[in-house]
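# Close look at the chain arrangement
This is what each chain is made of:
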Amino acid sequence: MNTKCLNFTCPLCKVEYEIFLKEIPYLMFMDCPHCHEHLSCFEGQIRIAKEELLAEIKTAKSYSDVKTTILKYDNIDKKHSIDLSDKSISYDDVINLKIDLQLCETVEDVLKVINGNNKK
Ligand SMILES: [Zn+2]
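Please read all numbers here as calculations on a predicted model, not as lab measurements.

Our next topic: the environment of Lys-14. By the element assignment, Lys-14 lies in the loop between β1 (2-9) and β2 (16-21). Distance in space between the C-alpha atoms of Lys-14 and Cys-35 is 9.5 Å, their sequence separation being 21 residues.

To continue, consider helix α2 (residues 63-72). Along an α-helix, residues three or four positions apart point the same way, because every turn accommodates 3.6 residues. Of the residues making up α2, those classed as buried are Val-66, Thr-69 and Ile-70. Across the axial projection of α2, the buried residues extend over an arc of 100 degrees, all falling on one side. For α2, the exposed residues lying more than 90 degrees away from the buried face are Ser-64, Thr-68, Leu-71 and Lys-72.

In this section: the environment of Arg-47. Structurally, Arg-47 can be placed in strand β5 (residues 45-48). You can call Arg-47 buried: it has 21 C-beta atoms within 10 Å. For the pair Arg-47 and Pro-11, spaced 36 residues apart in the sequence, the C-alpha separation amounts to 7.0 Å.

Taken together, the six bridges between β1 and β2 define a ladder with antiparallel strand orientation. Looking at β2, one finds that Thr-9 is bridged to Glu-16. Between β1 and β2, which pair antiparallel in sequence order, lie six residues; one of them, Lys-14, sits at a positive phi of approximately 65 degrees.

Moving on to the nonpolar core. Of all hydrophobic cores here, the largest spans 16 residues; its most connected members are Leu-27, Met-28, Leu-39, Cys-41 and Val-66. Sorting the residues of this core by element identifies β3 (27-31), β4 (38-42) and α2 as the ones contributing at least two each. The element best represented in this core is β3, accounting for four residues.

Cut-offs used in this document
- Residues numbered from 1 in each chain as written.
- Predicted model: local features only at pLDDT ≥ 70, side-chain atom pairs only at ≥ 80, totals over all residues.
- Helix = DSSP H or I, 4+ residues; strand = E, 2+ residues; numbered from the N terminus.
- Buried ≥ 20, exposed ≤ 12 C-beta atoms within 10 Å, placed from the backbone.
- Arc of directions from axis to C-beta.
- Pairing = 2+ DSSP bridges.
- Core = buried A, V, L, I, M, F, W, Y, C linked by C-beta atoms within 7 Å.

Below, the structure written as structure tokens:
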């Protein structure tokens with residue numbers, strides 16, 4: 001099974017992770033399994049996703065709105081870019097993975113994820 005491997009380091013606790021995806025979405029949100037910080041991955045860069053950012057993205061109507069919002073909150077250092085590589089995936093890799101992952105391919109998907117999270 002050929003997948004994309006996304007390597008990243010949590011900007012907060014510095015723990016390193018690898019997650020395997022069929023496709024890398026342009027935007028996704030996840031929680032760091034170690035420190036539980038909300039993280040966003042946008043165009044290959046990992047950032048801490050603040051509540052304010054999530055609230056503003058809710059009002060985004062287009063891709064450029066999302067990008068503008070992300071960049072506005074881009075106060076996190078930019079050194080945490082990720083490496084993308086194709087890798088074979090093993091069963092152990094899968095069962096070790098406990099990241100609560102939301103994949104978003106469109107702005108509508110992003111809004112669904114955010115709205116869903118707020119209802120919890
Ligand atoms: Zn962390």
